[in-house]
Structures are given as structure tokens and as C-alpha cells.
Amino acid sequence: RSAVRICNIDVSNLEITDTTDANYIDLRKLTIQAKNKIPSGRRGRMKWYVSEAVMNALEIQAGNHTGNVHLRYGEWQDSKEILKLHGKPVFQCDAILETESAI
């Protein structure tokens, strides 16, 4: 089994949409790096679990003019429409804390 965690993100910076701002968090870059840390043979059933703040930022960045995040709507699973990021389903998980101390 494989897992990758993207941590130590200052969630207050997720609201920054100006890609030239020094505090802008490039979720596309971070998620590509995380995805590629998983061995290619184990990516088939990969899923993304994100907090509410990260889900909001993903959707906002996907809608910006630079097309920064590869997020797609319209997939169906268990009769529910789900999001896909880099071809893998994204689920909002309220158990993910945004208040942890930095590692």
C-alpha cells in the first residue's frame, strides 16, 4: 500500500489567487509531486482526501484563467457526482485537521 501526505500548508494562503504572489500555493504542482511519489503500479485505485479549505481552493484554482488545476466534474460513483483530480476521485474529509503544528 502507498500513501502520500501533503502537509504544512498555510491554509490562509489558499485564498490567494494571484499566481505571481510569493505566498500563492500551487496545488497543481503539489498534487503532481504527491501523485508521482506513488509507484506507477499502485496508482490505479488512488484517491484524494482533502479538507474543506483545500477542496475550496482546488475548485477556485480550477476555475481561474490559467487552468492551474486539472479538476474535472461529471464523474459518477455510487449515484453521486464526484470530482476527479489528475483522473483520480477527490473526497472532502472532515477528519483532516488544518490546525496541526508544522512538522
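Residues numbered from 1 in each chain as written. Predicted model: local features only at pLDDT ≥ 70, side-chain atom pairs only at ≥ 80, totals over all residues. Heavy atoms only, no water.

1. A few points about the pattern of salt bridges
Thought 1: Evaluation of the coordinates by the stated rule reveals one salt bridge.
Thought 2: Arg5 serves as the salt-bridge partner of Glu100, at 2.3 Å between the closest nitrogen and oxygen. Taken together, the positions of Glu100 in the segment after β4 (88-92) and Arg5 in the segment before α1 (27-37) put the pair 95 residues apart, joining distant regions of the chain.
Thought 3: Owing to a relative accessible area of 46%, Glu100 belongs among the partly exposed residues under this scheme. (Salt bridge = Lys/Arg side-chain N within 4 Å of Asp/Glu carboxyl O. Helix = DSSP H or I, 4+ residues; strand = E, 2+ residues; numbered from the N terminus. Buried < 20%, exposed > 50% of the residue type's maximum accessible area, 1.4 Å probe, protein only.)

2. Regarding unusual backbone geometry
Thought 1: Non-glycine residue Asn8 carries a positive phi angle of around 60°.
Thought 2: Mapped onto the elements, Asn8 comes out in the segment before α1.

3. Observations concerning helix α2 (residues 52-63)
Thought 1: Between the first and last C-alpha of α2 there are 17 Å, a value that for 12 residues agrees with the 16 Å anticipated at 1.5 Å per step.
Thought 2: Among the residues of α2, those classed as buried are Val54, Met55, Ala57, Leu58 and Gln61. In a view along the axis of α2, the buried residues occupy a sector of 165°, so they form one face of it. (Expected span 1.5 Å × (residues − 1). Arc of directions from axis to C-beta.)

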